[in-house]
Amino acid sequence: DTGVSQDPRHKITKRGQNVTFRCDPISEHNRLYWYRQTLGQGPEFLTYFQNEAQLEKSRLLSDRFSAERPKGSFSTLEIQRTEQGDSAMYLCASTTTDNQPQHFGDGTRLSIL
Amino acid sequence: GEDVEQSLFLSVREGDSSVINCTYTDSSSTYLYWYKQEPGAGLQLLTYIFSNMDMKQDQRLTVLLNKKDKHLSLRIADTQTGDSAIYFCAESMGSNDYKLSFGAGTTVTVRA
């Protein structure tokens, strides 16, 4: 069991640039979740996939954010025209469909200059 | 996290027991979870409890659930310096999406 893998671990970029993060879930997990965690807060739900279908998006996910899971395995989260307020830790989690606990990756920390 | 509340800080002496408390508001929550986060890392699942249970014990960890009061607690016996971390309480929301709603986390500091 290799666990949930996220890449990169850290990303520093200038305001206005686009960034893309990748998440590789545990191999047999067909549900994949993205959360955002700002300093001093708990993670907040952004979106989730069941296989390749994106089933729900939070209102936190503005139109600058897009997520994909094209083959039902890895997922990408893209942020276009980054803003200072996008600075956060982006966490990915995966699980099966029978309400088993979600397992988290180590996250991607995004810093906007 | 506005539906899940936790105290922000806890200081405990090494070898003592730690008790972290959490209240939640969604009576339809099916599972309640405790996660641990160390600096710069993701969340590590510690334990979880189904909403029709009132207690679960796993080695040094004991979870108590009072569904009537919507109160969840995590007791760590014989607290060690490696237990210093942020502990998050989370509830599983919704009937099918199982997305998690987290508290703001309790920072536990273990002093020698």
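These numbers were taken from a predicted model, which means no experiment stands behind them.

Draft legend 1. Layout of the overall build of chain B. On a plain count of helices and strands, chain B comes out with 0 helices and 11 strands. Tracing chain B from N to C terminus, the helices and strands come up as β-β-β-β-β-β-β-β-β-β-β. Taken against the 2.2 N^0.38 rule, which gives 13 Å for 112 residues, the C-alpha radius of gyration of chain B at 13 Å falls within 12% of a compact globule. For chain B, the spread of C-alpha atoms along the three principal axes comes to 45 × 30 × 20 Å.

Draft legend 2. Spatial organisation of the state of the cysteines. Residue and element names in this part refer to chain A. Counted according to the given criterion, the structure contains 2 disulfides over all chains. Across the disulfide from Cys23 sits Cys92; the S-S distance is 1.9 Å. Note on the Cys23 and Cys92 pair: the S-S dihedral is about -65°, so by sign convention the disulfide is left-handed. On the criterion of sequence distance, the pair formed by Cys23 in strand S3 (residues 19–24) and Cys92 in strand S9 (residues 88–95) is long-range, its members being 69 residues apart.

Draft legend 3. Fine view of the packing of aromatic side chains. Enumeration according to the criterion identifies 16 aromatic pairs over all chains in this entry. Ring centres 4.8 Å apart and planes at 50° place the aromatic pair Tyr31(B) and Phe50(B) in the tilted group. Of this pair, Tyr31(B) sits in strand S4 (residues 31–37) while Phe50(B) is found in strand S5 (residues 43–50), placing the two residues 19 residues apart along the sequence. Note on Phe50(B): relative accessible area 30%, which makes it partly exposed. Through successive ring pairs, a cluster of aromatic residues spans Tyr33(A), Tyr35(A), Phe45(A), Tyr48(A), Phe104(A), Tyr31(B), Tyr33(B), Tyr35(B), Tyr48(B), Phe50(B), Phe88(B) and Phe102(B). One Lys or Arg, Lys56(B), reaches over the ring of Tyr48(B) and ends 4.1 Å from the middle of that ring.

Draft legend 4. Representation of the interface of chain A and chain B. Contacts between the two partners involve 23 residues from chain A and, on the opposite side, 21 residues from chain B. Across the chain A to chain B interface the summed buried area is about 1800 Å²; carbon plus sulfur atoms make up 50%. Among the residues chain A hides against chain B, the three largest losses belong to Asn99(A), Pro101(A) and Phe104(A). Together they make up 31% of the total. Taking the shortest distance from any N to any O, the salt bridge between Lys99(B) and Glu56(A) comes out at 2.7 Å. Mapped by element, the contributors of at least two residues to the side of chain A that touches chain B are strand S4 (31–37), strand S5 (44–50), S9 and strand S10 (103–104) of chain A. Broken down by element, the residue count for the side of chain A that touches chain B peaks at 4 residues, all from S4(A). Here the side of chain A that touches chain B is composed, by residue class, of 9 nonpolar, 10 polar and 4 charged.

Draft legend 5. A look at the environment of Asp86(A). Residue and element names in this part refer to chain A. Within the secondary structure layout, Asp86 lies in the loop between strand S8 (75–79) and S9. Judged by its relative accessible area of 3%, Asp86 is buried. Residues within four places of Asp86 in sequence aside, it is in contact with Arg64, Phe65, Ile79, Leu110 and Ile112. Polar side-chain contacts of Asp86 include one of 2.8 Å to the side chain of Arg64.

So, how was this worked out
- Residues numbered from 1 in each chain as written.
- Chains lettered and ligands numbered in written order.
- Predicted model: local features only at pLDDT ≥ 70, side-chain atom pairs only at ≥ 80, totals over all residues.
- Heavy atoms only, no water.
- Helix = DSSP H or I, 4+ residues; strand = E, 2+ residues; numbered from the N terminus.
- Rg over C-alpha atoms; globule rule 2.2 N^0.38 Å.
- Disulfide = S-S within 2.5 Å.
- Phe/Tyr/Trp six-rings, centres within 6.5 Å; stacked < 30°, edge-to-face > 60°.
- Buried < 20%, exposed > 50% of the residue type's maximum accessible area, 1.4 Å probe, protein only.
- Lys NZ or Arg CZ within 6 Å of the ring centre and 35° of its normal.
- Contact = heavy atoms within 4.5 Å.
- Buried area = accessible area lost by both parts, 1.4 Å probe.
- Salt bridge = Lys/Arg side-chain N within 4 Å of Asp/Glu carboxyl O.
- Nonpolar A, V, L, I, M, F, W, Y, C, P; charged D, E, K, R; others polar.
- Polar contact = N/O pair within 3.5 Å; in protein donor to acceptor, adjacent residues only side chain to side chain.

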